[in-house]
Amino acid sequence: MKNETTFNPIDPSLFTPAQKDDNKERITRPVIGYWTDVFRRLRQNKLAMVGLITIILLLIMAFVGPAIVGFDYSTQDYARQNMEPNSINLFGTDELGRDLFTRVCYGIRYSLLIGILAAAMDFVVGVTYGGVAGMASSRVDNIMMRIAEVVYAIPYLLIVILISVMLSNEQGASLFTLVLAMSITGWVPMAIMVRGQVLQLRENEYVTAARSLGADKGYILKKHIIPNTLGPILVNITLTVPRAIFSEATLSFMSLGLQPPQPSLGVLSNDGLGVMGIGLFYQIFFPALMISLIMFSFNVLGDGLRDALDPRLRK
């Protein structure tokens, strides 16, 4: 007898021809947006992130802190004069029995508001002036830059003090007066920086293409050049805010800025200086600490943004 061998049927799907995938041979990386890449590189800068987190915490403290402790910045309680920090008054009280933690929170609020408003004024005036100078003819550009140099030659703090004294009243300088005084010369560095960026970018191909299509200088400046200078502008703004805050603190410390009962950090530092002789160091320590934290945070954040926005460091 012959041995009979049986064969199982073969599944045709096992012999499906392989498909060629051209994408597997490409050497690519995931597409990352510009600002996404900037934030990714900013997160790699630990010191800049510490500054950013500190600014966020200070903002929370400035607006949420007074509601948590339940004190008003101007309410006086003579039974609690010059109390050291405790569980009720976290930063202690001043010579009038006012809660120092609440006053420091309001001081941070005033200082940040002044710094942001001064930076906004510098942004509007500086970007407009520098953009117009960069897009104008060489003659107009030279005239505008000579005017800016004359304004910038005036010492910054001196002009701020003069304007504050001239526009102040019996209650001292107002918040608007301080912002105006800081903006008299504060816009010049922004204008010089923007003008240099415009002179560099206006020779690019997309600007030439826009001109060939009939776009005027204002449209090109607004739609093509200014958006491409936002990186340096943002860095300049982050460095303008601490300068304005320090100027306000200096003026208030010299009794030329905001006046009591407005709890500016400079006012609080000046009040704390008056009681250092009797050993109440905490009254100047906390306002000075907040000024230092704000200055440090904005400066390291500005340095981190400058590195993150630098295309030469892109990987």
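Residues numbered from 1 in each chain as written. Predicted model: local features only at pLDDT ≥ 70, side-chain atom pairs only at ≥ 80, totals over all residues. Heavy atoms only, no water.

Draft legend 1. Summary view of the nonpolar core. The biggest cluster of nonpolar side chains holds 26 residues, and the ones touching the most others in it are Met61, Phe91, Val104, Ile108, Leu265, Met290 and Ile294. Put simply, the parts of the chain that give this core at least two residues each are helix H2 (46-69), helix H3 (100-135), helix H9 (230-253), helix H10 (265-274) and helix H11 (282-308). For Val104, the contacting residues outside a window of four places in its chain are Met61, Phe91, Leu265, Leu268, Phe286, Pro287 and Met290. (Core = buried A, V, L, I, M, F, W, Y, C linked by side-chain atoms within 4.5 Å. Buried < 20%, exposed > 50% of the residue type's maximum accessible area, 1.4 Å probe, protein only. Helix = DSSP H or I, 4+ residues; strand = E, 2+ residues; numbered from the N terminus. Contact = heavy atoms within 4.5 Å.)

Draft legend 2. The arrangement of unusual backbone geometry in detail. The phi dihedral of Asn82 is positive, around 50 degrees, even though this residue is not glycine. Tracing the chain through its elements places Asn82 in the loop between H2 and H3. Residue classification places Asn82 among the partly exposed positions, given a relative accessible area of 26%.

Draft legend 3. The arrangement of the environment of Arg146 in detail. By the element assignment, Arg146 lies in helix H4 (residues 138-153). Of the residues examined, Arg146 reaches a relative accessible area of 40% and is grouped as partly exposed. For Arg146, the side chain forms a polar contact with the side chain of Glu149, separated by 2.9 Å. (Polar contact = N/O pair within 3.5 Å; in protein donor to acceptor, adjacent residues only side chain to side chain.)

Draft legend 4. Focus on the packing of helix H7 (residues 205-212) against helix H8 (residues 217-225). Contact geometry for H7 and H8: axes closest at 11 Å, N-to-C directions at 145 degrees. In this structure, H7 crosses over H8, and the sense of that crossing is right-handed. Only Ile220, His224 and Ile225 of H8 make contact with H7, whose side of the interface consists of Tyr206, Val207, Ala210 and Arg211. Of the residues assigned to the contact of H7 with H8, the class counts are five nonpolar, one polar and one charged. (Axes fitted to C-alpha atoms, helices over the stretch in contact; angles between N-to-C directions. Left-handed = near helix turned anticlockwise from the far one by under 90°. Nonpolar A, V, L, I, M, F, W, Y, C, P; charged D, E, K, R; others polar.)

Draft legend 5. Region of interest: the packing of H2 against H3. Relative orientation of the contacting elements H2 and H3 amounts to 145 degrees, with a least axis distance of 8 Å. Judged by the sense of rotation from one axis to the other, the crossing of H2 with H3 is left-handed. For the pair formed by H2 and H3, the contact residues are Leu58, Leu59, Met61, Ala62, Phe63, Gly65, Pro66 and Val69 on the first element and Phe101, Thr102, Val104, Cys105, Tyr106, Ile108, Arg109 and Leu112 on the second. Each residue belonging to the contact of H2 with H3 can be placed in one class, and the counts come to 13 nonpolar, two polar and one charged.

Draft legend 6. Representation of the confidence of the model for the protein. Overall, the predicted model of the protein reaches an average pLDDT of 81, with 85% of residues at or above 70. Mean pLDDT across the secondary structure elements of the protein bottoms out at helix H5 (residues 156-167), with 76, and peaks at H2, with 90. (pLDDT = per-residue confidence, 0-100.)

Draft legend 7. Representation of H2 within the structure. For H2, built from 24 residues, the straight-helix expectation of 34 Å at 1.5 Å per residue is met to within 8% by its first-to-last C-alpha distance of 32 Å. Of all the positions in H2, only Ala48, Met49, Gly51, Thr54, Ile55, Leu58, Met61, Ala62, Gly65 and Pro66 are classed as buried. Residue Asn45 occupies the N-cap position of H2, its side-chain oxygen lying 3.3 Å from the main-chain nitrogen of Leu47. A positive backbone phi angle near 80 degrees is found at Gly70, which sits one or two residues after H2. (Expected span 1.5 Å × (residues − 1).)

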